[in-house]
Amino acid sequence: MKSNNYDIIIIGGGASGLSAAIYSARGGMKTLLAEKLACGGQAAITYEIDNYPGMPDNPSGQELAARLEEHAKKFDVDFTAENVKSIENADGAVKTVKTRRNEYTAKAIIFATGATPKKLGIPGEAELTGSGISYCATCDGAFFKGKDVIVIGGGNTAFEDALYMAGIANHVFLLNRSERFRAVPKLVEKAKAASNITIYTNAVPQSFEGNGRLERVYLTKDGETGFITADGALVAIGISPYTELAKSIGVQTCDLGFIKTDMYLSSSIPGIYAAGDCRVTPLRQVITAAADGAVAASSAVNYCLSH
(Lines give C-alpha, C1' and ligand atoms only; values in the text may rest on other atoms or scores of the structure.)
Protein backbone atom coordinates (compact mmCIF):
# COMPACT_ATOMS: atom_id res chain seq x y z
CA MET A 1 0.00 0.00 0.00
CA LYS A 2 1.52 3.29 -1.07
CA SER A 3 1.28 6.50 0.86
CA ASN A 4 0.90 9.92 -0.76
CA ASN A 5 1.15 13.19 1.11
CA TYR A 6 -1.03 16.17 0.20
CA ASP A 7 -1.94 19.52 1.65
CA ILE A 8 -5.65 19.27 0.82
CA ILE A 9 -7.79 16.30 -0.14
CA ILE A 10 -11.20 16.90 -1.68
CA ILE A 11 -13.75 14.10 -1.52
CA GLY A 12 -16.26 14.40 -4.36
CA GLY A 13 -15.95 15.59 -7.95
CA GLY A 14 -19.10 17.63 -8.54
CA ALA A 15 -19.17 21.38 -9.13
CA SER A 16 -18.19 22.14 -5.52
CA GLY A 17 -15.33 19.66 -5.51
CA LEU A 18 -13.92 20.78 -8.84
CA SER A 19 -14.18 24.44 -7.88
CA ALA A 20 -12.47 23.66 -4.57
CA ALA A 21 -9.71 21.87 -6.47
CA ILE A 22 -9.10 24.91 -8.65
CA TYR A 23 -8.89 27.30 -5.70
CA SER A 24 -6.79 24.92 -3.64
CA ALA A 25 -4.22 24.40 -6.39
CA ARG A 26 -4.16 28.10 -7.25
CA GLY A 27 -3.46 28.70 -3.57
CA GLY A 28 -0.26 26.71 -3.89
CA MET A 29 -1.54 23.58 -2.21
CA LYS A 30 -0.70 20.06 -3.36
CA THR A 31 -4.24 18.88 -4.05
CA LEU A 32 -5.93 15.52 -4.52
CA LEU A 33 -9.51 15.07 -5.66
CA ALA A 34 -11.05 11.66 -4.96
CA GLU A 35 -14.17 10.78 -6.95
CA LYS A 36 -15.42 7.20 -7.04
CA LEU A 37 -17.42 7.77 -10.25
CA ALA A 38 -17.09 10.27 -13.08
CA CYS A 39 -16.71 13.94 -12.20
CA GLY A 40 -19.73 16.19 -12.47
CA GLY A 41 -22.04 15.13 -9.66
CA GLN A 42 -25.75 15.81 -10.06
CA ALA A 43 -25.02 18.37 -12.77
CA ALA A 44 -23.64 15.63 -15.01
CA ILE A 45 -27.09 14.06 -15.38
CA THR A 46 -28.80 17.36 -16.19
CA TYR A 47 -29.96 17.63 -19.79
CA GLU A 48 -29.34 21.36 -20.11
CA ILE A 49 -28.07 24.15 -17.88
CA ASP A 50 -29.30 27.62 -18.76
CA ASN A 51 -28.60 29.53 -15.54
CA TYR A 52 -24.83 29.25 -15.10
CA PRO A 53 -23.40 32.77 -15.53
CA GLY A 54 -21.22 33.29 -18.55
CA MET A 55 -22.47 30.24 -20.43
CA PRO A 56 -25.36 31.40 -22.61
CA ASP A 57 -24.80 28.43 -24.92
CA ASN A 58 -26.77 26.32 -22.41
CA PRO A 59 -24.31 23.44 -22.06
CA SER A 60 -25.47 20.01 -20.96
CA GLY A 61 -24.52 18.98 -17.46
CA GLN A 62 -21.88 16.66 -18.86
CA GLU A 63 -20.37 19.45 -20.96
CA LEU A 64 -20.18 21.81 -18.01
CA ALA A 65 -18.66 19.08 -15.83
CA ALA A 66 -16.03 18.39 -18.49
CA ARG A 67 -15.12 22.09 -18.64
CA LEU A 68 -14.76 22.27 -14.86
CA GLU A 69 -12.61 19.13 -14.78
CA GLU A 70 -10.40 20.43 -17.59
CA HIS A 71 -9.96 23.70 -15.71
CA ALA A 72 -8.90 21.87 -12.55
CA LYS A 73 -6.38 19.76 -14.47
CA LYS A 74 -4.86 22.98 -15.82
CA PHE A 75 -3.61 23.64 -12.27
CA ASP A 76 -2.08 20.17 -11.86
CA VAL A 77 -4.69 18.82 -9.48
CA ASP A 78 -4.23 15.08 -8.90
CA PHE A 79 -7.31 12.92 -9.49
CA THR A 80 -8.01 9.43 -8.23
CA ALA A 81 -11.01 7.27 -9.14
CA GLU A 82 -11.38 5.69 -5.73
CA ASN A 83 -14.04 5.42 -3.06
CA VAL A 84 -12.91 6.76 0.30
CA LYS A 85 -13.60 4.09 2.90
CA SER A 86 -12.41 5.76 6.08
CA ILE A 87 -10.59 8.73 7.59
CA GLU A 88 -8.22 8.33 10.54
CA ASN A 89 -6.86 10.99 12.92
CA ALA A 90 -9.51 13.40 11.58
CA ASP A 91 -8.92 15.89 14.39
CA GLY A 92 -5.14 15.68 14.16
CA ALA A 93 -2.61 17.84 12.38
CA VAL A 94 -2.20 15.21 9.67
CA LYS A 95 -5.31 13.30 8.60
CA THR A 96 -5.23 9.94 6.83
CA VAL A 97 -7.69 9.13 4.04
CA LYS A 98 -8.01 5.45 3.20
CA THR A 99 -9.42 3.79 0.09
CA ARG A 100 -9.50 0.08 -0.63
CA ARG A 101 -6.10 0.18 -2.33
CA ASN A 102 -4.27 3.24 -1.00
CA GLU A 103 -3.95 5.74 1.78
CA TYR A 104 -3.29 9.45 1.53
CA THR A 105 -2.47 12.11 4.10
CA ALA A 106 -3.42 15.77 4.24
CA LYS A 107 -3.60 18.72 6.57
CA ALA A 108 -7.14 19.58 5.47
CA ILE A 109 -10.08 17.72 3.95
CA ILE A 110 -13.05 19.14 2.05
CA PHE A 111 -16.24 17.11 1.85
CA ALA A 112 -17.93 17.79 -1.49
CA THR A 113 -19.91 14.56 -1.48
CA GLY A 114 -23.21 16.03 -2.62
CA ALA A 115 -26.75 14.79 -2.19
CA THR A 116 -29.31 12.99 -4.26
CA PRO A 117 -33.02 13.67 -4.73
CA LYS A 118 -35.32 11.01 -3.36
CA LYS A 119 -36.96 9.06 -6.16
CA LEU A 120 -40.48 7.71 -6.49
CA GLY A 121 -39.20 4.47 -7.98
CA ILE A 122 -42.11 4.07 -10.40
CA PRO A 123 -42.06 2.99 -14.07
CA GLY A 124 -40.80 5.59 -16.52
CA GLU A 125 -39.02 7.73 -13.92
CA ALA A 126 -35.47 6.72 -14.78
CA GLU A 127 -36.11 6.81 -18.53
CA LEU A 128 -37.67 10.29 -18.56
CA THR A 129 -35.49 12.02 -15.97
CA GLY A 130 -34.06 15.04 -17.76
CA SER A 131 -36.70 14.70 -20.47
CA GLY A 132 -39.63 16.22 -18.64
CA ILE A 133 -38.97 14.89 -15.14
CA SER A 134 -36.96 17.15 -12.85
CA TYR A 135 -36.11 17.36 -9.15
CA CYS A 136 -35.37 21.09 -8.98
CA ALA A 137 -37.82 23.85 -9.87
CA THR A 138 -35.29 26.66 -9.73
CA CYS A 139 -32.90 24.65 -11.92
CA ASP A 140 -35.34 23.56 -14.63
CA GLY A 141 -38.50 25.59 -14.21
CA ALA A 142 -37.73 27.87 -17.14
CA PHE A 143 -37.93 24.90 -19.51
CA PHE A 144 -41.65 24.60 -18.72
CA LYS A 145 -42.62 28.21 -19.31
CA GLY A 146 -46.22 28.45 -20.49
CA LYS A 147 -46.75 24.68 -20.16
CA ASP A 148 -48.66 22.37 -17.84
CA VAL A 149 -46.60 20.99 -14.98
CA ILE A 150 -47.14 18.45 -12.20
CA VAL A 151 -45.50 18.87 -8.78
CA ILE A 152 -45.35 15.75 -6.62
CA GLY A 153 -45.07 16.08 -2.84
CA GLY A 154 -46.77 17.58 0.19
CA GLY A 155 -43.99 19.32 2.09
CA ASN A 156 -42.68 22.87 2.07
CA THR A 157 -40.47 22.27 -0.95
CA ALA A 158 -43.33 20.89 -3.02
CA PHE A 159 -45.57 23.87 -2.24
CA GLU A 160 -42.73 26.34 -2.79
CA ASP A 161 -42.05 24.66 -6.13
CA ALA A 162 -45.74 24.82 -7.06
CA LEU A 163 -45.93 28.53 -6.23
CA TYR A 164 -42.68 29.19 -8.09
CA MET A 165 -43.95 27.33 -11.15
CA ALA A 166 -47.30 29.11 -10.99
CA GLY A 167 -45.48 32.26 -12.06
CA ILE A 168 -43.92 30.49 -15.04
CA ALA A 169 -46.15 27.65 -16.18
CA ASN A 170 -49.61 27.68 -17.68
CA HIS A 171 -51.07 25.42 -15.01
CA VAL A 172 -49.67 23.50 -12.04
CA PHE A 173 -51.11 20.27 -10.66
CA LEU A 174 -49.88 19.42 -7.16
CA LEU A 175 -50.22 15.78 -6.13
CA ASN A 176 -50.17 14.80 -2.45
CA ARG A 177 -50.57 11.18 -1.40
CA SER A 178 -52.76 11.95 1.63
CA GLU A 179 -55.31 14.52 2.76
CA ARG A 180 -52.82 16.07 5.18
CA PHE A 181 -49.98 18.32 4.09
CA ARG A 182 -46.55 18.50 5.69
CA ALA A 183 -46.10 22.06 4.43
CA VAL A 184 -46.73 25.01 6.71
CA PRO A 185 -50.33 26.32 6.54
CA LYS A 186 -49.28 29.65 5.00
CA LEU A 187 -47.84 27.92 1.92
CA VAL A 188 -50.88 25.69 1.60
CA GLU A 189 -53.20 28.69 1.76
CA LYS A 190 -51.22 30.57 -0.89
CA ALA A 191 -51.28 27.56 -3.22
CA LYS A 192 -55.01 27.09 -2.75
CA ALA A 193 -55.58 30.74 -3.54
CA ALA A 194 -53.54 30.63 -6.78
CA SER A 195 -55.81 30.55 -9.83
CA ASN A 196 -53.53 28.24 -11.83
CA ILE A 197 -52.73 25.64 -9.16
CA THR A 198 -54.91 22.57 -8.73
CA ILE A 199 -54.26 20.45 -5.65
CA TYR A 200 -55.13 16.76 -5.66
CA THR A 201 -55.07 14.88 -2.36
CA ASN A 202 -55.04 11.10 -1.95
CA ALA A 203 -53.24 11.11 -5.30
CA VAL A 204 -50.47 8.55 -5.76
CA PRO A 205 -48.39 8.55 -8.98
CA GLN A 206 -48.13 5.12 -10.58
CA SER A 207 -46.07 5.71 -13.72
CA PHE A 208 -44.62 8.31 -16.08
CA GLU A 209 -45.22 7.85 -19.79
CA GLY A 210 -44.13 9.53 -22.99
CA ASN A 211 -42.37 8.95 -26.28
CA GLY A 212 -38.90 10.30 -25.55
CA ARG A 213 -40.34 13.08 -23.39
CA LEU A 214 -42.90 13.13 -20.61
CA GLU A 215 -46.48 13.30 -21.87
CA ARG A 216 -48.64 12.07 -18.99
CA VAL A 217 -48.58 10.85 -15.42
CA TYR A 218 -50.79 7.93 -14.40
CA LEU A 219 -52.06 8.01 -10.83
CA THR A 220 -54.60 6.62 -8.44
CA LYS A 221 -56.85 9.06 -6.61
CA ASP A 222 -59.32 7.91 -4.01
CA GLY A 223 -58.89 4.39 -5.32
CA GLU A 224 -59.55 5.22 -8.96
CA THR A 225 -56.96 5.21 -11.75
CA GLY A 226 -56.53 8.01 -14.27
CA PHE A 227 -53.88 10.25 -15.79
CA ILE A 228 -52.92 13.90 -16.13
CA THR A 229 -51.41 15.23 -19.34
CA ALA A 230 -48.41 17.44 -18.65
CA ASP A 231 -45.16 18.62 -20.21
CA GLY A 232 -43.18 18.43 -16.99
CA ALA A 233 -43.14 16.80 -13.57
CA LEU A 234 -41.21 18.07 -10.56
CA VAL A 235 -40.59 15.41 -7.92
CA ALA A 236 -40.25 17.19 -4.56
CA ILE A 237 -40.23 14.49 -1.91
CA GLY A 238 -36.89 15.33 -0.33
CA ILE A 239 -33.17 14.84 -0.80
CA SER A 240 -30.62 12.64 0.93
CA PRO A 241 -27.04 13.86 1.57
CA TYR A 242 -24.01 11.64 1.16
CA THR A 243 -22.57 12.33 4.61
CA GLU A 244 -22.12 8.90 6.20
CA LEU A 245 -18.34 9.18 5.96
CA ALA A 246 -18.37 12.65 7.55
CA LYS A 247 -20.65 11.47 10.35
CA SER A 248 -18.40 8.45 10.98
CA ILE A 249 -15.57 10.76 12.07
CA GLY A 250 -17.78 12.91 14.29
CA VAL A 251 -18.62 15.82 12.01
CA GLN A 252 -21.80 17.49 13.25
CA THR A 253 -24.85 17.34 11.01
CA CYS A 254 -28.41 18.63 11.19
CA ASP A 255 -31.42 16.40 11.81
CA LEU A 256 -31.63 15.65 8.09
CA GLY A 257 -27.99 14.61 7.90
CA PHE A 258 -26.50 17.69 6.20
CA ILE A 259 -23.14 18.93 7.46
CA LYS A 260 -23.25 22.02 9.65
CA THR A 261 -20.73 24.71 8.69
CA ASP A 262 -19.82 28.23 9.69
CA MET A 263 -19.43 31.15 7.28
CA TYR A 264 -15.99 29.87 6.28
CA LEU A 265 -17.53 26.44 5.54
CA SER A 266 -15.57 24.87 8.37
CA SER A 267 -17.20 21.87 10.02
CA SER A 268 -17.17 21.07 13.73
CA ILE A 269 -13.70 19.52 13.32
CA PRO A 270 -10.75 21.85 12.65
CA GLY A 271 -9.30 21.31 9.20
CA ILE A 272 -12.46 19.61 7.91
CA TYR A 273 -14.64 21.61 5.51
CA ALA A 274 -17.83 21.01 3.54
CA ALA A 275 -19.06 22.48 0.27
CA GLY A 276 -22.07 22.10 -1.96
CA ASP A 277 -25.18 20.01 -1.54
CA CYS A 278 -23.86 17.92 1.35
CA ARG A 279 -23.96 20.88 3.75
CA VAL A 280 -26.76 22.89 5.31
CA THR A 281 -27.58 25.53 2.68
CA PRO A 282 -30.70 27.40 1.53
CA LEU A 283 -30.08 26.79 -2.19
CA ARG A 284 -28.67 23.83 -4.10
CA GLN A 285 -27.58 24.92 -7.57
CA VAL A 286 -24.47 24.41 -9.68
CA ILE A 287 -23.50 28.04 -9.20
CA THR A 288 -23.86 27.95 -5.40
CA ALA A 289 -21.96 24.66 -5.25
CA ALA A 290 -19.11 26.20 -7.23
CA ALA A 291 -19.11 29.22 -4.93
CA ASP A 292 -19.01 26.93 -1.89
CA GLY A 293 -15.99 25.18 -3.34
CA ALA A 294 -14.15 28.47 -3.65
CA VAL A 295 -14.95 29.49 -0.06
CA ALA A 296 -14.11 26.09 1.43
CA ALA A 297 -10.83 25.82 -0.46
CA SER A 298 -9.78 29.37 0.44
CA SER A 299 -10.47 28.58 4.09
CA ALA A 300 -8.58 25.29 3.83
CA VAL A 301 -5.59 27.02 2.22
CA ASN A 302 -5.46 29.52 5.09
CA TYR A 303 -5.72 26.66 7.57
CA CYS A 304 -2.80 24.82 5.95
CA LEU A 305 -0.64 27.94 5.89
CA SER A 306 -1.21 28.58 9.58
CA HIS A 307 -0.74 25.01 10.84
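These remarks concern the structure in this document.

Reading the values: the criteria
- Residues numbered from 1 in each chain as written.
- Predicted model: local features only at pLDDT ≥ 70, side-chain atom pairs only at ≥ 80, totals over all residues.
- Heavy atoms only, no water.
- Helix = DSSP H or I, 4+ residues; strand = E, 2+ residues; numbered from the N terminus.
- Rg over C-alpha atoms; globule rule 2.2 N^0.38 Å.
- Buried < 20%, exposed > 50% of the residue type's maximum accessible area, 1.4 Å probe, protein only.
- Contact = heavy atoms within 4.5 Å.
- Lys, Arg positive; Asp, Glu negative; His and termini not counted.
- Charge placed at Lys NZ, Arg CZ, Asp CG, Glu CD.
- Salt bridge = Lys/Arg side-chain N within 4 Å of Asp/Glu carboxyl O.
- Pairing = 2+ DSSP bridges.
- Disulfide = S-S within 2.5 Å.
- Expected span 1.5 Å × (residues − 1).
- Axes fitted to C-alpha atoms, helices over the stretch in contact; angles between N-to-C directions.

Topic: the overall build of the protein
Next, step 1: If you tally the helices and strands in the protein, you get eight helices and 19 strands.
Next, step 2: For 307 residues, the compact-globule estimate of 2.2 N^0.38 gives 19 Å, and the protein sits close to it at 21 Å.
Next, step 3: Seen along its three principal axes, the alpha-carbon backbone of the protein occupies a region of about 60 × 40 × 30 Å.
Next, step 4: Here the protein holds 307 residues, and the buried ones make up 50% of them.
Next, step 5: Considering only contacts within the protein whose residues lie at least 6 apart along the sequence, 59% involve residues at least 24 apart.
Next, step 6: Computed over 30 positive and 32 negative side-chain charges, the separation of the two mean positions in the protein equals 4 Å.

Structural notes on the pattern of salt bridges
Next, step 1: Inspection of every chain in the model, using the stated rule, returns nine salt bridges.
Next, step 2: The residue Arg101 makes a salt bridge to Glu82 at a minimum N-O spacing of 3.7 Å. With Arg101 in the loop between strand E6 (95–98) and strand E7 (103–106) and Glu82 in the loop between strand E4 (78–80) and strand E5 (86–88), this pair connects stretches of sequence that are 19 residues apart.
Next, step 3: Arg101 gets classed as partly exposed once you look at its relative accessible area, which sits at 47%.
Next, step 4: The closest approach of N and O atoms between Lys221 and Asp222, which form a salt bridge, is 3.3 Å.
Next, step 5: The partly exposed category is assigned to Lys221, whose relative accessible area is 27%.
Next, step 6: Look at the salt bridges and you will find they share partners, linking Glu209, Glu215 and Arg216 into a network.

Brief notes about the pairing of strand E14 (residues 203–209)
Next, step 1: Two elements, E14 and strand E15 (residues 216–221), share six bridges in a ladder whose sense is antiparallel. For Ser207, the partnering residue across the bridge sits in E15 and is Tyr218.
Next, step 2: Where E14 folds back onto E15 in an antiparallel hairpin, the turn is made up of six residues, including Gly212, whose phi is positive at roughly 85°.

A few points about the pairing of E6
Next, step 1: The pairing of E5 with E6 spans three bridges and is classified as antiparallel. Opposite Ile87, over in E6, you have Val97 as the bridge partner.
Next, step 2: Where E5 folds back on E6, the antiparallel hairpin that results is connected by six residues, among which Asn89 adopts a positive phi of roughly 55°.
Next, step 3: Two successive antiparallel strands, E6 and E7, enclose a turn made up of four residues.

Topic: the state of the cysteines
Next, step 1: The tally for this structure, following the rule as stated, stands at one disulfide.
Next, step 2: Between the sulfur atoms of Cys136 and its disulfide mate Cys139 the distance is 2.2 Å. An S-S torsion of about 70° defines the bridge between Cys136 and Cys139 as right-handed.
Next, step 3: Here Cys254 is not disulfide-linked; the sulfur of Cys278 is the nearest cysteine sulfur, at 11 Å.
Next, step 4: When its relative accessible area of 0% is taken as the criterion, Cys278 is described as buried.

Remarks on helix H1 (residues 15–26)
Next, step 1: Taking 1.5 Å of rise per residue, the twelve residues of H1 would be expected to cover 16 Å, and the 17 Å separating its terminal C-alpha atoms lies within 8% of that figure.
Next, step 2: With ten of twelve residues buried, H1 is to be regarded as a mostly interior element.
Next, step 3: Among all positions of H1, only Ala15, Ser16, Gly17, Leu18, Ser19, Ala20, Ala21, Ile22, Ser24 and Ala25 are buried.
Next, step 4: Here the buried face of H1 lies against strand E2 (8–11), strand E3 (31–34), helix H2 (61–74), E4, strand E8 (108–111) and helix H8 (286–306).
Next, step 5: Where H1 terminates, the next one or two residues include Gly28, which has phi positive at roughly 85°.

Digging into the sheet that holds strand E17 (residues 232–235)
Next, step 1: Taken together, the five strands give an open sheet; going across it, the order is E10-E17-E11-E12-E13, and neighbouring strands pair in parallel fashion. Both outer strands of the open sheet, strand E10 (133–134) and strand E13 (197–200), are each paired with one neighbouring strand and no more.
Next, step 2: Direction of pairing for strand E12 (residues 171–175) relative to E13: parallel, over a ladder of four bridges. Bridging across to E13, Leu175 finds its partner in Tyr200.
Next, step 3: The strands touched by helix H5 (residues 156–166) are strand E11 (148–152), E12, E13 and E17; relative to E12, the strand with the most contacts, the crossing angle is about 170°.

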